[in-house]
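Structural characterization, general
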Amino acid sequence: MFVVGLTGGIGSGKSAVSRLFEQRNITVIDADQVAREVVEPGEPALSKIAQRFGDGILLADGNLDRKALRKIVFETPRQRDWLEQLLHPLIRDRILLKLEQSQPHSNAEYAILASPLLLETDQHLLVNHIVVVDVDEAIQISRTTARDMSDTEQVKAIIAAQIPRAERIAKADDLIDNSGTIDDLKPLIEQLHNKFLHQARQERESDHG
Ligand SMILES: CC(C)(COP(=O)(O)OP(=O)(O)OC[C@H]1O[C@@H](n2cnc3c(N)ncnc32)[C@H](O)[C@@H]1O)[C@@H](O)C(=O)NCCC(=O)NCCS
Ligand SMILES: Nc1ncnc2c1ncn2[C@@H]1O[C@H](COP(=O)(O)OP(=O)(O)OP(=O)(O)O)[C@@H](O)[C@H]1O
């Protein structure tokens, strides 16, 4: 299966871009979604988080209080390291399982792995091609604070925990500038979709000798 990795900093527009590919019937595996699955009630990782931070890190219904944990890990790098060491191997294993399950139905099919930490973790080893969604830091902050009701300082701390913008761009096979409107994205995605169909087809043909 030809796998396209889609990455970008917080609030860059990965989810918005993912939706446009999904409208073309492309399977998108979302690492943020997988990261939620591995800490659902009953999962061993959630018990480990509660052991470390106390039951106060759980909401009354037993779910993880994500807002509280976000505050802890982006204020204290040591706690973020601990959480990443716990969750990243679990997230990677589950992504691999999902990729194996999404078998191609035609020789022109590809899948997308959308992940904020594609380049920061070994998740980039799972993909054939890297697409970066890019906006400047001012846009990242304004769109994220409008979406999450989070404050500027916290968004800045999250940006600082991610790969620097120039390094991310340097690793891109394709770059999507998302500083315009969602409508501006549509022709770009159409173009990339056609290119990936072509690349997926070529890959399959070379695999079959
Ligand atoms: C800290 C947590 C509980 C906050 O949850 P919350 O629902 O508020 O945010 P959400 O998970 O939707 O993440 C929002 C964005 O924050 C950024 N982000 C999340 N985790 C990290 C991290 N470890 N390092 C850098 N940026 C991160 C990403 O841009 C992500 O898209 C959560 O992000 C988490 O469990 N993070 C650790 C796991 C992880 O690294 N996930 C990233 C995908 S692999
Ligand atoms: N071109 C655009 N114009 C205006 N708003 C946009 C545009 N693209 C995305 N947005 C909005 O900006 C916010 C951030 O976008 P999105 O959620 O797609 O980012 P993301 O990269 O998935 O973020 P995260 O890393 O936090 O998961 C959302 O509220 C989204 O609707």
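Everything numeric in this text was worked out from a predicted model, so none of it was measured.

Details of the UniProt feature "binding site: ATP" (unreviewed entry) in the chain
With numbering matched to this structure, UniProt assigns "binding site: ATP" (unreviewed entry) to Gly11, Ser12, Gly13, Lys14, Ser15 and Ala16. Note on placement: Ser12 falls in the loop between strand 1 (2-7) and helix 1 (14-22). Here Gly9 takes part through its backbone oxygen, which lies 2.8 Å from a polar atom of the side chain of Ser12. A relative accessible area of 14% places Gly13 in the buried class. If sequence neighbours within four positions are ignored, Gly13 has contacts with Val133 and Asn178.

Examining the site of ligand 2
In the vicinity of ligand 2 there are 15 residues, among which Lys14, Ser15, Arg147, Asn178 and Gly180 approach most closely. A distance of 2.9 Å separates an oxygen atom of ligand 2 from a polar backbone atom of Ala16. With the chains in place, 77% of the 630 Å² that ligand 2 exposes on its own is no longer accessible. At the level of elements, helix 1 and helix 6 (137-148) are the ones that each hand at least two residues to the shell around ligand 2.

Concerning the site of ligand 1
Taken together, 18 residues sit near ligand 1, with Asp32, Arg36, Arg66, Glu84 and His88 positioned nearest. Within the side chain of Asp32, one N or O atom sits 2.7 Å away from an oxygen atom of ligand 1. Separating an oxygen atom of ligand 1 from a side-chain N or O atom of Arg66 is a distance of 2.7 Å. Protein coverage of the free-state accessible area of ligand 1, which is 770 Å², stands at 93%.

Observations regarding the packing of aromatic side chains
A complete count under the given rule lists four aromatic pairs for this structure. Arranged with centres 5.7 Å apart and planes meeting at 85 degrees, the rings of Phe53 and Trp82 form a pair that is edge-to-face. One end of the pair, Phe53, is in helix 3 (residues 44-53); the other, Trp82, is in helix 5 (residues 77-101), and 29 residues separate them in sequence. When the centroid spacing of 5.4 Å and the interplanar angle of 75 degrees are considered together, the rings of Tyr110 and Phe196 count as edge-to-face.

Comments concerning the environment of Pro116
Mapped onto the elements, Pro116 comes out in the loop between strand 3 (110-114) and strand 4 (129-134). Discounting chain neighbours no more than four positions away, the residues touching Pro116 are Thr7, Gly8, Lys14, Ala31, Asp32 and Gln162.

As for the sheet that holds strand 1
The sheet built from five strands is open, its strands ordered 2-3-1-4-5 with parallel pairing. A strand with exactly one partner marks an edge of an open sheet, and here the two such strands are strand 2 (27-30) and strand 5 (174-177). The mean inter-strand angle of the sheet, taken between neighbouring strand axes irrespective of direction, is 25 degrees. Looking at chain direction, strand 1 and strand 3 are connected through five bridges and run parallel. By the bridge assignment, Val4 is partnered in strand 3 with Ile112. Against the sheet, helix 9 (residues 182-207) touches strand 1, strand 3, strand 4 and strand 5, its axis set at about 165 degrees to strand 5.

Some points on the pairing of strand 4
Regular strands place their side chains on alternate faces of the sheet. In terms of burial, strand 4 is a largely internal element, six of the six residues being buried. Because side chains alternate across strand 4, one face comprises the buried residues His129, Val131 and Val133, and the other comprises Ile130, Val132 and Asp134, equally buried. Bridge count between strand 4 and strand 5: four bridges; the pairing is parallel. Bridge pairing in strand 5 places Val132 opposite Leu175.

Rules used throughout
- Residues numbered from 1 in each chain as written.
- Chains lettered and ligands numbered in written order.
- Predicted model: local features only at pLDDT ≥ 70, side-chain atom pairs only at ≥ 80, totals over all residues.
- Heavy atoms only, no water.
- UniProt positions renumbered as here; feature names shortened; annotations may be inferred.
- Helix = DSSP H or I, 4+ residues; strand = E, 2+ residues; numbered from the N terminus.
- Polar contact = N/O pair within 3.5 Å; in protein donor to acceptor, adjacent residues only side chain to side chain.
- Buried < 20%, exposed > 50% of the residue type's maximum accessible area, 1.4 Å probe, protein only.
- Contact = heavy atoms within 4.5 Å.
- Near = heavy atom within 4 Å.
- Areas by Shrake-Rupley, 256 points an atom, 1.4 Å probe, with all protein chains shown as cover.
- Phe/Tyr/Trp six-rings, centres within 6.5 Å; stacked < 30°, edge-to-face > 60°.
- Pairing = 2+ DSSP bridges.
- Axes fitted to C-alpha atoms, helices over the stretch in contact; angles between N-to-C directions.

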